[in-house]
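Listed below, chain by chain, are the residues.
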Amino acid sequence: MLGRTVGLTEAAREQVRRELSGRRSDVSGTVFKLLLLLTLFLALAILIVLLVDVSQTAIPTIADRGGQIFGSGYSSLPANAGIKTGLIGSLYLMVFVVVVALPMGIGAAIYMEEYAKDTRVTRFINTNIRNLAGVPAIVYGILGLAVFVVLLQPVIGPGVEGRSLLAGGLTISLMVLPIVIITTQEALRAVPRSIREAGFGVGATRWEVIRSHVLPYAAPGVLTGSVLSMARALGETAPLIMVGAVTGFLATEGGVLASLQQHFTALPTLIFAYVKKPQPEFQDLASAAILVLIGMIFLVNLTAILLRNRYERKW
Amino acid sequence: MEQMVTTRMDGLTLADLAGARSRHRRERTMRAMFFSAALFSVIISIAIVASLIGGAVDFLAKVDLSTLWSSGWFPRRNLFDVKTILAGTIIVSLIAMIVATPLGLGAALYLSEYARPRARRFLKPILETLASVPSVVMGFFALRVISPDLVQRFFGSDVPVFNLTAAGIAVGILVTPLVASVAEDAMHAVPSALREASFGLGARPRTTSVRIVMPAAVSGITAALILGISRAIGETMIVAIAAGGTGGSLFNLDPLQGGQTMTAAITSLATGSDQVRGSGPAYPSLFFVGLLLFVLTLALNLLSERFVRRVRKEY
């Protein structure tokens, strides 16, 4: 390079020096970078506007008549309406996710990662799981409607035309199942092979290796995935509407088991019902319910993030 | 057991090394349980397809086929114009992608190419939090903030509160984190050797991002956008709350008017306003629309997976 510049004029030499020293400010580059950063801040701004807008009406409403809101269920009279049945219903649905979706999803993931050989059947099941994760939530609602509400009505809820807590809980569980499987698969995959080989080396069977070596190491990841899928189930509305979440009716006496075959409701369906009403008092109530729902979901997600940060290990 | 092996080294047989029979039995049971859990995911898929097709066939047998291409979607008046709900779905998804493409890709590019690890740790949770906002809440937000403060402000107050544009923008916000996350993965997978070569030639960060990283990640970016469209098509609650068209809608291509999408049509068939059971074609029509929705999203998801796999092969 130097050799070439020797023959050039003084002015050209000066130009080259300036070009190479890189002092020239890159205006369009900086603008571009700021534009990109702006997209992230726009996302943040939307979040803040959403939270502020909801809180503005929700906090005064809760402060005003919090006891009544948390103490009563659905009513068509705004003064009597509350979110109690929705809250309990959502907790019942969480029980379903824990009892049905988690064991099944973790079991399926263990088979796919630990037992299955790379055959055509395995690959088919894997593709199938991935596609199930992409199926819109409302299609799970249609599945629930056809199978639980109509086909299995005598078992699911004979007295309520099949529109029971059992139908809602099972539908939600099916919906989050692929998410549980995929996150668990990832957690299992992160456990190094050598851990398993050490177990096999001392003569343990596959299940013994999984139980006492793989699962303990994968537990944080599995737990995080499970918690995240619960957050997802908490906010889902469309499938519940399809299987007939009846706003406001929930048999709360005797806990989950007693209300299995009875009508059910959940917090998001209650919000949907209140949003659809024309009276402004119901809009305030919807805001209050939304603040509670968002609070619950953020709390669950925060738990997942803390779990991940606390127990994450690098190999 | 180890002691047994060491003391009887001379007369050791295969039977001694085989392990206790109870452990083998346990191993087989566990394996069978995990396998049935994995197989269950296939059963869910079969059940989804079977219930959709069963209902759709029922619908097609009952309906007067000429009403499938008529003036509007009014199930109670036996008008099932498919192009009405298709148009609504396409308009909402288009608007959603107009919002989500710049936001999602911009955020992905910033996170992948510009953000330092410390900034990432603060910026990434913004997207994750946005992703966790339930769709009912986003629907409420569309109705309360986006429609009056954005759409009506810019397009005049003669635009109805319930309109496709407000719903589309809200769907776009909801889809943004997904687009950003998939696109960022793709950009992250671009080997740093390519970037270093570009920098070595004296290219600026912007040139490297736009001319090197984006083209190299183009299949992953395409996959992200297709996945975004698929999610937008399947989004239900926002449209059910904010797009109008409860009970039915005339064929409409104006995004500033209310309209009916496929998902909203399904929910309104299953809930209050349009709940119609009995022998008519209205009730089974929800399975028909569900089948359309399922086929459409599945095709998009498979296409997107194709693009993702292409990235993996290249690097």
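Remember, predicted model here, so these are calculated numbers, not experimental data. (Residues numbered from 1 in each chain as written. Chains lettered and ligands numbered in written order. Predicted model: local features only at pLDDT ≥ 70, side-chain atom pairs only at ≥ 80, totals over all residues.)

Student: Kindly report on the overall build of chain B, identifying the contributing residues and their values.
Tutor: Counting its regular elements, chain B contains 13 helices and 3 strands. For 315 residues, the compact-globule estimate of 2.2 N^0.38 gives 20 Å, and the C-alpha radius of gyration of chain B, at 27 Å, exceeds that figure by more than 25%. Principal axes of the C-alpha set define a box for chain B whose edges measure 95 × 65 × 30 Å. The buried share of chain B, reckoned over its 315 residues, is 47%. In chain B, the share of contacts with a sequence separation of at least 24, taken over all contacts with a separation of at least 6, comes to 78%. (Helix = DSSP H or I, 4+ residues; strand = E, 2+ residues; numbered from the N terminus. Rg over C-alpha atoms; globule rule 2.2 N^0.38 Å. Buried ≥ 20, exposed ≤ 12 C-beta atoms within 10 Å, placed from the backbone. Contact = placed C-beta atoms within 7 Å.)

Student: Tell me about the overall build of chain A, and name the residues and values.
Tutor: Scanning chain A for helices and strands turns up 14 helices and 0 strands. Traced from its N-terminal end to its C-terminal end, chain A shows the element sequence α-α-α-α-α-α-α-α-α-α-α-α-α-α. In terms of overall size, chain A is more extended than a compact globule, its C-alpha atoms giving a radius of gyration of 27 Å where 315 residues would be expected to give roughly 20 Å. Principal axes of the C-alpha set define a box for chain A whose edges measure 100 × 65 × 35 Å. Counted over contacts in chain A with a minimum sequence separation of 6, partners at least 24 positions apart contribute 73%.

Student: Please give an account of the environment of B:Val63 that cites residues and values.
Tutor: Residues and elements named next belong to chain B. Here Val63 shows up in the loop between helix 3 (21-62) and strand 1 (72-74). Its 18 C-beta neighbours within 10 Å are what place Val63 among the partly exposed residues. A sequence separation of 133 residues divides Val63 from Glu196, and the C-alpha atoms of the two residues are 63 Å apart. If we ignore the near neighbours within four places in the chain, the residues touching Val63 are Leu68, Phe80 and Pro281.

Student: I'd like to hear about the domain arrangement of chain A, residue by residue, with values.
Tutor: Residues and elements named next belong to chain A. According to the domain assignment, chain A contains domain 1 (2-65) and domain 2 (72-311). Using only C-alpha atoms to locate each centre, domain 1 and domain 2 end up separated by 41 Å. Taken together, the 6 residues of domain 1 in the interface contact 6 residues of domain 2. For the side of domain 1 that touches domain 2, the class distribution of residues is 3 nonpolar, 3 polar and no charged. (Domains from an automatic or database assignment. Nonpolar A, V, L, I, M, F, W, Y, C, P; charged D, E, K, R; others polar.)

Student: Can you lay out the interface of chain A and chain B for me, pointing to particular residues and giving the numbers?
Tutor: Facing the 66 residues of chain A at the interface are 66 residues of chain B. Top element by residues in the side of chain A that touches chain B is helix 3 (residues 27-71) of chain A. It accounts for 17 residues. Looking at the side of chain A that touches chain B, its residues break down into 49 nonpolar, 12 polar and 5 charged.

Student: Can you lay out the nonpolar core for me, pointing to particular residues and giving the numbers?
Tutor: Across soluble globular proteins, nonpolar side chains have a tendency to be buried as a group. Membership of the largest hydrophobic core comes to 192 residues, with the highest contact counts inside it found for A:Ile271, A:Ala289, B:Ala142, B:Ala167, B:Ala170 and B:Ile238. No other element matches the 16 residues that helix 4 (residues 82-114) of chain B contributes to this core. In this structure A:Ala289 touches A:Ile83, A:Gly86, A:Leu267, A:Leu270, A:Ile271 and A:Tyr274, once residues within four positions along its chain are discounted. (Core = buried A, V, L, I, M, F, W, Y, C linked by C-beta atoms within 7 Å.)

Student: Residues and numbers for helix 8 (residues 165-189) of chain A, please.
Tutor: The periodicity of an α-helix, 3.6 residues per turn, causes residues three or four places apart in sequence to face the same way. Residues and elements named next belong to chain A. Helix length check: helix 8, at 25 residues, gives a terminal C-alpha distance of 35 Å against a target of 36 Å (1.5 Å per residue), a fit within 8%. The largest bend along helix 8 reaches roughly 35° and is located at Val176, with the proline Pro178 sitting one to four residues downstream. For helix 8, the buried fraction is high: 23 of the 25 residues fall into the buried class. (Expected span 1.5 Å × (residues − 1). Bend = angle between axes of the 7 residues up to and from the residue.)

Student: Hey, could you go over unusual backbone geometry for me, with residue numbers and the actual values?
Tutor: All names here are of chain B. Here the phi dihedral of Asn78 falls at roughly 60°; this positive angle occurs in a residue that is not glycine. Following the sequence through the fold, Asn78 ends up in the loop between strand 1 and strand 2 (79-80). On the basis of neighbour counts, which here come to 15 C-beta atoms within 10 Å, the residue Asn78 falls in the partly exposed class.

Student: Please provide a residue-by-residue account of the domain arrangement of chain B, values included.
Tutor: Residue and element names in this part refer to chain B. Taken domain by domain, chain B comprises domain 1 (2-62) and domain 2 (65-314). Put simply, the middle of domain 1 and the middle of domain 2, counted by C-alpha atoms, are 39 Å apart. With 8 residues of domain 1 at the contact, the number on the domain 2 side is 9 residues. Split into classes, the residues belonging to the side of domain 1 that touches domain 2 amount to 5 nonpolar, 1 polar and 2 charged.

Student: Break down the sheet that holds strand 2 of chain B for me, with residues and values.
Tutor: Residue and element names in this part refer to chain B. Taken together, 3 strands build an open sheet; the order of strands is 2-1-3 and the sheet is antiparallel. The sheet is open, and its two edges are formed by strand 2 and strand 3 (249-250), each paired on a single side. Bridge count for strand 1 against strand 3 is 2 bridges, and the pairing is antiparallel. Of the residues in strand 3, the one forming a bridge with Trp73 is Ser249. Packed onto the sheet, helix 4 meets strand 1, strand 2 and strand 3 and runs at close to 105° relative to strand 1. (Pairing = 2+ DSSP bridges. Axes fitted to C-alpha atoms, helices over the stretch in contact; angles between N-to-C directions.)

Student: Give a description of the confidence of the model for chain A that names residues and reports values.
Tutor: Per-residue pLDDT for chain A averages 87, and the proportion of residues at 70 or more is 90%. In the model of chain A, helix 1 (residues 2-5) of chain A stands out as the element of lowest mean pLDDT, 52, in contrast to helix 8 of chain A, which has the highest, 94. (pLDDT = per-residue confidence, 0-100.)

Student: Can you explain the confidence of the model for chain B? Please cite residues and give values.
Tutor: All names here are of chain B. Scored by pLDDT, chain B has a mean of 88; 92% of the residues are at 70 or more. The low-confidence segment residues 1-6 (pLDDT under 50) makes 0 contacts with residues lying over four places distant or belonging to another chain. Scored by ipTM, the complex comes to 0.89, with pTM at 0.88.

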